[in-house]
Amino acid sequence: MMLSTPPAILVDQPIKTWFGVGGVARRLAVPRTAAELRELIAAEPNAKILGDGANLLVADGGVQELVISLAGPGNGELAASDLSAAAGAAVGDAVEVDAGAAVHLFRLIRSTTDAALSGLENLAGIPACIGGAAAMNAGGKYGSFGDYVVHVDAIDRRGSAVRLSREACGFGYRTSVFGHGELIVTGVRLRLVKGELAPVKAKLKEVTEYKTSTQPMSASSAGCAFKNPTLKVAIEGIGAAGQRVSAGMLIDRAGCKGMTIGTASVSEQHGNFLTASKEGKADDVLALIRAVRAKVAERFGVTLETEVVIWGAEL
Ligand SMILES: Cc1cc2nc3c(=O)[nH]c(=O)nc-3n(C[C@H](O)[C@H](O)[C@H](O)COP(=O)(O)OP(=O)(O)OC[C@H]3O[C@@H](n4cnc5c(N)ncnc54)[C@H](O)[C@@H]3O)c2cc1C
């Protein structure tokens, strides 16, 4: 029997995030199989899981815990997908597709839409790996990741494998049971629908264009910094009690657009995007998050909750 060597633990590694700020991982591992991931977690139950780093702010002091990267081809079988069920499907048929946690969402969108499978084009433009997309239930105007899930394979912090049906995943607005850190996604099964290539690609283009025309996609950010809040009481000109309203609109109306602290700014294009300049500092982004939150609370009495996940610092 061939014994596989456990993944090497690399020291003082940069943590790749879309913000492009923050310190290093003192120790980082890149598992290639679910078994390796289980071993790592069983040994270090408080390890942090890194996907594409698109919803992550790492403090300037870095991260002391082991960081486990599930972020791309280096993850071997965890970065593989299987679209074989699409072969021979007729238009209108449901087709189930498997993908590992480390598969990049944009690659899966490309391969499924190339195969005329409809569904994931609705998530075009959202940077993520599959595990991060499931954990955050990534989505927007056109739909959310959880809409397409049949089941999710995960491991718990003791290293035991579990399979959760979509109903058990607790998908809600930018949340799921995987977003709390106890369960680590290793792979998903998605249900898509075989369509005609031209309309599937046309929808992909429409969603991509909407995304790039409304959000500063090329700036260094983590997408929306805050969740859209549900109003506890009615606010004139904003919304009724119980209504979910746009955090970007509140930020804008509180006069925060363009606000800058050191190397961090509130985007002029979209108030809920906080951006960092080249050579930026996480401390500046953290200070800006606090300042924006204080301004919105002062103006509207609404406390914004962060959507961005923060490692190594408290707000
Ligand atoms: C330009 C830009 C645009 C964006 N637009 C959108 C948008 O339209 N809609 C939207 O919803 N989001 C958007 N985001 C945010 C981001 O794309 C999503 O939150 C995405 O789901 C993050 O996935 P990730 O793999 O990058 O996760 P990461 O940022 O690496 O991690 C985020 C959280 O998920 C956890 N996690 C990662 N992998 C796993 C795993 N395998 N198992 C369990 N937990 C895991 C991490 O520990 C962390 O807590 C945007 C971000 C950027 C930079």
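Residues numbered from 1 in each chain as written. Predicted model: local features only at pLDDT ≥ 70, side-chain atom pairs only at ≥ 80, totals over all residues.

### Quick notes on the overall build of the protein chain
In terms of helices and strands, the protein chain carries six helices and 17 strands. Here the protein chain has a C-alpha radius of gyration of 20 Å; the compact-globule value for 315 residues is 20 Å, and the two agree. Projecting the C-alpha coordinates of the protein chain onto the three principal axes gives extents of approximately 65 × 50 × 35 Å. Expressed as a percentage of the 315 residues in the protein chain, the buried residues total 43%. For the protein chain, the proportion of contacts with a sequence separation of at least 24, taken over those separated by at least 6, is 65%. (Helix = DSSP H or I, 4+ residues; strand = E, 2+ residues; numbered from the N terminus. Rg over C-alpha atoms; globule rule 2.2 N^0.38 Å. Buried ≥ 20, exposed ≤ 12 C-beta atoms within 10 Å, placed from the backbone. Contact = placed C-beta atoms within 7 Å.)

### Focus on the sheet that holds strand 15 (residues 264–266)
Pairing within the open sheet is antiparallel, and its three strands lie in the order 14-15-16. Single-partner strands in this sheet number two, and they are strand 14 (260–261) and strand 16 (274–276). Bridge analysis of strand 15 against strand 16 gives three bridges, and the strand direction is antiparallel. Bridge pairing in strand 16 links A264 to A276. The strands that helix 6 (residues 282–300) touches are strand 14, strand 15 and strand 16; relative to strand 15, the one it contacts most, it runs at about 30 degrees. (Pairing = 2+ DSSP bridges. Axes fitted to C-alpha atoms, helices over the stretch in contact; angles between N-to-C directions.)

### Side note on the nonpolar core
Ranked by internal contacts, the top residues of the largest apolar core, which has 91 residues, are C129, I130 and V285. Of all the elements, helix 6 adds the most residues to this core, at seven residues. Apart from the residues lying within four places of it in its own chain, the contact partners of V285 are F19, V21, L57, A264, L274 and A276. (Core = buried A, V, L, I, M, F, W, Y, C linked by C-beta atoms within 7 Å.)

### Concerning the domain arrangement of the protein chain
According to the domain assignment, the protein chain consists of domain 1 (9–75), domain 2 (77–214) and domain 3 (220–315). The straight-line distance from the C-alpha centre of domain 1 to that of domain 2 is 22 Å. On the side of domain 2, 19 residues touch domain 1, which itself brings 20 residues to the contact. Here the side of domain 1 that touches domain 2 takes five residues from helix 1 (residues 34–43), the largest share from any one element. The residue inventory of the side of domain 1 that touches domain 2, partitioned by class, reads 12 nonpolar, five polar and three charged. (Domains from an automatic or database assignment. Nonpolar A, V, L, I, M, F, W, Y, C, P; charged D, E, K, R; others polar.)

### Observations concerning the site of the ligand
Neighbouring the ligand are 33 residues, the closest being G51, N55, G131, G132 and G223. Elements represented by at least two residues in the shell around the ligand include exactly strand 3 (48–50), helix 3 (130–136), strand 9 (139–140) and strand 13 (183–194). Partitioned by chemical class, the residues of the shell around the ligand number 21 nonpolar, nine polar and three charged. (Near = placed C-beta within 6 Å.)

### Describing the environment of L66
Examined against the element boundaries, L66 turns out to sit in the loop between strand 4 (56–58) and strand 5 (67–69). By the C-beta count within 10 Å, which is 19 here, L66 ends up partly exposed. Considering only alpha carbons, one finds L66 and P45, 21 residues apart in sequence, at a separation of 9.3 Å. Contact partners of L66, with chain neighbours within four places excluded, come to R27, A29, E44 and A47.

### Let's talk about unusual backbone geometry
Its identity as a non-glycine residue notwithstanding, R174 has a phi of 50 degrees, on the positive side. Take R174: it is sitting in the loop between strand 12 (161–165) and strand 13. Exposure remark for R174: the 20 C-beta atoms within 10 Å place this residue in the buried category. The phi dihedral of E279 is positive, around 60 degrees, even though this residue is not glycine. Topologically, E279 is positioned in the loop between strand 16 and helix 6.

### Topic: helix 2 (residues 105–114)
Turning to helix 2, its buried residues are L105, L108, I109, T112 and T113. Buried positions in helix 2, seen along its axis, are confined to an arc of 120 degrees and lie on one side of it. The inward-facing, buried residues of helix 2 abut strand 6 (81–82), strand 7 (94–100), strand 8 (117–118), helix 3, strand 13 and helix 4 (197–214). Following helix 2 by one or two positions, A116 adopts a phi angle in the positive range, close to 60 degrees. (Arc of directions from axis to C-beta.)

### Focus: the pairing of strand 12
Pairing of strand 11 (residues 149–156) with strand 12, which is carried by five bridges, proceeds in the antiparallel orientation. Looking across to strand 12, one finds that A154 is bridged to V162. Taking the residues between adjacent antiparallel strands as the criterion, strand 11 and strand 12 are bridged by four residues, where G159 takes a positive phi near 95 degrees.

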